[in-house]
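Commentary on secondary and tertiary structure
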Amino acid sequence: MLEQESNAIQTALFKDLGKSAEEAYLTEVSICLKETRYALKNINKWTRKKWVFPSLLNFPSLGYLHPEPLGKVLIIGPWNYPFMLVICPLISAIAAGNNVVIKPSEVSSNAAALLENFVKKLAAPEIEIVLGGVETTTALLQQPFQHIFYTGNGHVGKIVMKAAAEHLTPVTLELGGKSPCLVMESADIDMAARRIAWGKTINAGQTCVAPDYVLIPESKKRQFVESFKLEVEKMYGPEASSDEYAKIINLRHYKRLVQLIDAKAVLVGGTYNEDKLHIAPTIVEATSESPVMGDEIFGPILPLITFKALSEVKAIIEKHPYPLASYIFSKDSADHWFMISEIASGGVCINDTVVHMINQEMPFGGIQASGMGRYRGKFGFDTFTHYKPVLKRFFFLDLPLRYPPFSGKLAFLKKLLSWL
């Protein structure tokens, strides 16, 4: 279906988000195809029983884990990557044998309608789709699903979790956060600027793992700003006028983002057009207290904060919501270790942005306010699977030691159990 309907997917994404055919294929269709092929390649291995080493306490016995589906699961998708962030968890849920209800975002209406058409074409009784707005989502959350998978913002994540608690339903929440991007003096500044510009401007910054702000030494600030401006112009032309640059999803989000642009603090960009829902990639000079540093930006605005010592960095990052990703550009492995060991985040990417989430061998997920649970590849299969432990004992050799009366057995039991 993904291969046959690739053009239709790209058209729907252009209508909703202004994504070019190339960006739509690169960031959505190709990832879904890769996830599908990976599941098909590995599903026989994933679904086998997993033998475990038997405990001597149960000798003689056999033990294994029996993977089985959770039951009926609900996947609530977002509007920013309305195909990839619905289909990737759907692949995991179906591979694990579940029945699935999809609720795509009503904000990306063209993608939602196309998903509905796809489900009808598939005619698979294991997959249902429900379209609608907040009332529909609320009604779905009142149902007793065996698992709920939600991708979106933290405010709605709390609503989902609260509703799930009524039925003791486990949840996977893929949320957001303020993902820092630390650029050290040893970094290749021009390369860092190029990769940060790319990560910040795909989908016009409407990406949950986009670099939210940059921390950089004062001595490298000017070079970074100049390189960022040059790289953006190479990619999208002056003021990002190219058709390959996406638009803001709707007027409400456009107005929210424009309010974050302080004209006096603009270093790059700062132009916008309401009729086209267009905001050029913009760097603004900021401090950790600036309004633009309050919540996840989710748009093409990049605050730039300078620092003098690495000790300042941790304090700045910890003032803000837990990041879904943290980025560092440096040639020094000690700096890398600082980001890995000292900064709490869903994932870490060194000397690049965003690309860490495309490897099926690594899980994708958040921590604390940036989410809970994980998926992609085998990790997604595990999320939607119950590994039922099975122990098989035999009728010979039934030691009387475990049965009452226990009088006089305690000393021997202690020795035996400590040895086992």
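Refer to the structure above for everything that follows.
Below: a short report on this structure. What you see as residue numbers is a count from 1 along each chain, following the sequence as written. Reporting of local features is limited, given that this is a predicted model, to residues whose pLDDT is at least 70; pairs of side-chain atoms are given and counted only at 80 or more, and all residues count toward the totals for whole chains, interfaces and linings. No hydrogens and no water enter the side-chain calculation; it runs on all heavy atoms of the structure.

1. What to know about the nonpolar core
Basically, it comes down to this: To define a nonpolar core, start from buried Ala, Val, Leu, Ile, Met, Phe, Trp, Tyr and Cys residues and group those joined through side-chain atoms within 4.5 Å. Each residue gets one of three labels from its accessible area relative to the maximum for its type: buried under 20%, exposed over 50%, partly exposed in between, using a 1.4 Å probe on protein chains only. Strands here mean DSSP runs of E at least two residues long; helices mean DSSP runs of H or I at least four residues long; both are numbered from the N terminus. A contact between two residues is defined here by any heavy atoms of the two lying within 4.5 Å.
Residues F83 and F224 are the most contacted members of the largest nonpolar core, which totals 104 residues. The element that contributes the greatest number of residues to this core is helix 3 (residues 84-95), accounting for nine residues. Ignoring sequence-local partners within four residues, the contact set of F83 consists of I9, A12, L13, E28, C32, A111, L114, L115 and F118. By size, the runner-up hydrophobic cluster in this structure holds 14 residues, among which are F145, V160, A163 and L173.

2. Description of the sheet that holds strand 17 (residues 371-372)
Applicable threshold: The pairing criterion is simple: DSSP has to find at least two bridges between the two strands.
The strand order across the open sheet formed by six strands is 5-4-3-6-7-17, and the pairing between neighbours is mixed. Strands at the two margins of the open sheet, each flanked by one partner only, are strand 5 (127-129) and strand 17. Where strand 4 (residues 99-103) and strand 5 come together, three bridges link them in parallel fashion. For I102, the partnering residue across the bridge sits in strand 5 and is I129.

3. Focus on the side chain of E35
So the rule is basically this: Residues adjacent in sequence count toward polar contacts only when both atoms are side-chain atoms; beyond that, a polar contact is any pair of N or O atoms within 3.5 Å, and within protein one must be able to donate a hydrogen and the other to accept it.
With respect to the helices and strands, E35 occurs in helix 2 (residues 21-46). A polar contact of 2.9 Å, which involves the side chain of E35, links it to the side chain of R376. Contact partners of E35, with chain neighbours within four places excluded, come to C88, I91, S92, Q360, R376 and G377.

4. Things to note about the layout of surface pockets
Just so we agree on the cut-off: The way it works is a 1 Å grid over only the protein atoms, where trapped points that fit a 1.4 Å probe form a cavity and open points with protein on both sides within 12 Å along at least five of seven lines form a pocket, and then any residue with an atom within 4 Å of a point lines it. Grid points are joined across faces, edges and corners, and a volume is the space filled by probe spheres set on the points. Polar here means any residue other than Ala, Val, Leu, Ile, Met, Phe, Trp, Tyr, Cys and Pro, which are nonpolar, and Asp, Glu, Lys and Arg, which are charged; Gly is therefore polar.
Its boundaries defined by the atoms lining it, the largest pocket holds a volume of some 1300 Å³. In terms of lining residues, the largest pocket is bounded by 46 residues, among which Y150, G152, N153, G154 and V156 are the most central. Counting only elements with at least two residues in the lining of the largest pocket, the list comes to helix 5 (134-141), strand 6 (147-151), helix 6 (154-165), helix 9 (251-258) and strand 17. Top contributing element to the lining of the largest pocket by residue count: helix 6, with seven residues. Looking at side-chain class alone, the lining of the largest pocket contains 22 nonpolar, 17 polar and seven charged residues.

5. Describing helix 1 (residues 6-17)
Quick note on the threshold: Between the first and last residue of a helix there are one fewer steps than residues, each counted as 1.5 Å, and that sum is the expected span. As used here, the arc belongs to the directions running from the helix axis to the C-beta atoms.
Between its terminal C-alpha atoms helix 1 stretches 16 Å, which fits the 16 Å expected from twelve residues at 1.5 Å a residue. If you check which residues of helix 1 are buried, you get S6, I9, Q10, A12, L13, D16 and L17. Burial along helix 1 is one-sided: seen end-on, the buried residues are contained in an arc of 160°. Exposed side chains of helix 1 directed beyond 90 degrees from the buried face belong to N7 and K15. Looking at the buried side of helix 1, the elements it contacts are helix 2 and helix 4 (109-122). After helix 1 finishes, the residue G18 shows a positive phi value of roughly 70°.

6. Some remarks on the sheet that holds strand 10 (residues 266-268)
Stated formally: Working convention: axes come from line fits to C-alpha atoms, limited for helices to the stretch in contact. Angles between N-to-C directions cover 0 to 180 degrees.
With mixed pairing, seven strands are arranged side by side in an open sheet as 10-13-14-9-8-15-16. Lying at the two open borders of the sheet, with one neighbouring strand each, are strand 10 and strand 16 (348-350). The average undirected angle you get between the axes of adjacent strands in this sheet is 25°. Note that strand 13 (residues 282-285) and strand 14 (residues 301-307) share four bridges and pair parallel. For V284, the partnering residue across the bridge sits in strand 14 and is P303.

7. Focus: the pattern of salt bridges
To keep it simple, the criterion reads: Definition used for salt bridges: Asp or Glu carboxyl oxygen within 4 Å of a side-chain nitrogen of Lys or Arg.
This structure, assessed with the given rule, holds 15 salt bridges. A salt bridge links D212 to K178, with the nearest nitrogen and oxygen atoms 2.4 Å apart. Note that D212 is positioned in the loop between helix 7 (189-201) and strand 9 (213-217) and K178 in the loop between strand 7 (171-174) and strand 8 (180-183), a separation of 34 residues in sequence. Of the two residues, D212 and K178, both sit in the buried class. The residue K314 makes a salt bridge to E342 at a minimum N-O spacing of 2.9 Å. Highlighted residues: K314 in helix 10 (residues 310-318) and E342 in helix 11 (residues 333-342), separated in sequence by 28 residues. Taking the relative accessible area as the measure of exposure, K314 reaches 26% and is therefore partly exposed. According to the relative accessible area criterion, E342 is partly exposed, its value standing at 36%. Salt bridges sharing partners connect three or more residues here, namely R194, E231 and K234.

Worth remembering: the numbers are spatial, not functional.
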